[in-house]
Amino acid sequence: MHDAGKVIPGIIAFVLFVTLPFWSNFGKAAPKPQPEIPKEYKKCVESRDFMRREHMKLLRKWRFDVVRNNMRIYINSEGQPINMSLQNECMRCHSSKKKFCDVCHNYVSAHPYCWNCHIPPEERKGWATKEVKSLTEEASSKQPASHH
């Protein structure tokens, strides 16, 4: 190996350059997210630990049960009936998507698709305005005739 004097330092420089972001952040952790918990409501659908761990599974199950099985009531672990609705149940207490949902989802780089269909709470203010009505009319005009 005639160029060992150039190749080996080049490999070392490359490895250092590629791993530089890891070394510069070594030992530093991003602060734990602190979502805004509603003060007026003390109890969620399930326990806080369960909701942190399993809320997406629960919401997926709710969606499936409501859409596919026409089931609308969830019986929680304490035997209480809960309306299975993201907007009418969850968002009643967690009224700020930015201060509650986005805080944790941004922290873990999650991109849930809830808001592709549901209206985030901040956007409810403009509901039933001319802008929204025109968008609704525009969307319905693009539907096939059998959907009108």
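Figured I'd write up the structure that's included with this text. (Residues numbered from 1 in each chain as written. Predicted model: local features only at pLDDT ≥ 70, side-chain atom pairs only at ≥ 80, totals over all residues. Heavy atoms only, no water.)

**Some details on helix α1 (residues 4–24)**
One full turn of an α-helix is made of 3.6 residues, so residues set three or four places apart face in the same direction.
Next up, step 1: Compared with an ideal rise of 1.5 Å per residue, which puts 21 residues at 30 Å, α1 spans 29 Å between its outermost C-alpha atoms and is within 8% of the ideal.
Next up, step 2: For α1, the principal kink sits at V18 and spans about 45°; a proline, P21, occurs within the next four residues. (Helix = DSSP H or I, 4+ residues; strand = E, 2+ residues; numbered from the N terminus. Expected span 1.5 Å × (residues − 1). Bend = angle between axes of the 7 residues up to and from the residue.)

**Focus on unusual backbone geometry**
Next up, step 1: Positioned with a positive phi, N70 is a non-glycine residue whose angle comes to about 55°.
Next up, step 2: Its relative accessible area of 55% is what places N70 among the exposed residues.
Next up, step 3: Located in the positive-phi region is S109, a residue other than glycine, with phi close to 55°.
Next up, step 4: By the secondary structure assignment, S109 is in the loop between α4 (97–107) and α5 (130–141). (Buried < 20%, exposed > 50% of the residue type's maximum accessible area, 1.4 Å probe, protein only.)

**Some remarks on the state of the cysteines**
Next up, step 1: Evaluation of the coordinates by the stated rule reveals zero disulfides.
Next up, step 2: This cysteine, C44, is not joined by any disulfide, and C90 carries the nearest cysteine sulfur, 6.7 Å off.
Next up, step 3: There is no disulfide at C117, and the cysteine sulfur nearest it, in C114, is 9.2 Å away. (Disulfide = S-S within 2.5 Å.)

**Overview of the nonpolar core**
Next up, step 1: Ranked by size, the top nonpolar core spans 15 residues in total, and within it V45, L58, W62, Y74, L86 and W115 carry the most contacts.
Next up, step 2: Secondary structure elements with two or more residues in this core: α2 (48–69) and α3 (86–93).
Next up, step 3: If we skip the residues at most four places from it in the chain, W62 touches V45, Y74, I82, N83, M84, S85 and C90. (Core = buried A, V, L, I, M, F, W, Y, C linked by side-chain atoms within 4.5 Å. Contact = heavy atoms within 4.5 Å.)

**With respect to the packing of aromatic side chains**
Next up, step 1: Under the criterion given, the structure shown has one aromatic pair.
Next up, step 2: Note on W62 and Y74: the rings are 5.7 Å apart at their centroids and 55° apart in plane angle, and the pair reads as tilted. Here W62, found in helix α2, pairs with Y74, found in strand β1 (residues 73–75); they are 12 residues apart in sequence, far enough to count as distant. With respect to class, W62 is no different from Y74; both count as buried. (Phe/Tyr/Trp six-rings, centres within 6.5 Å; stacked < 30°, edge-to-face > 60°.)

Just geometry here; none of it tells us what the structure is for.
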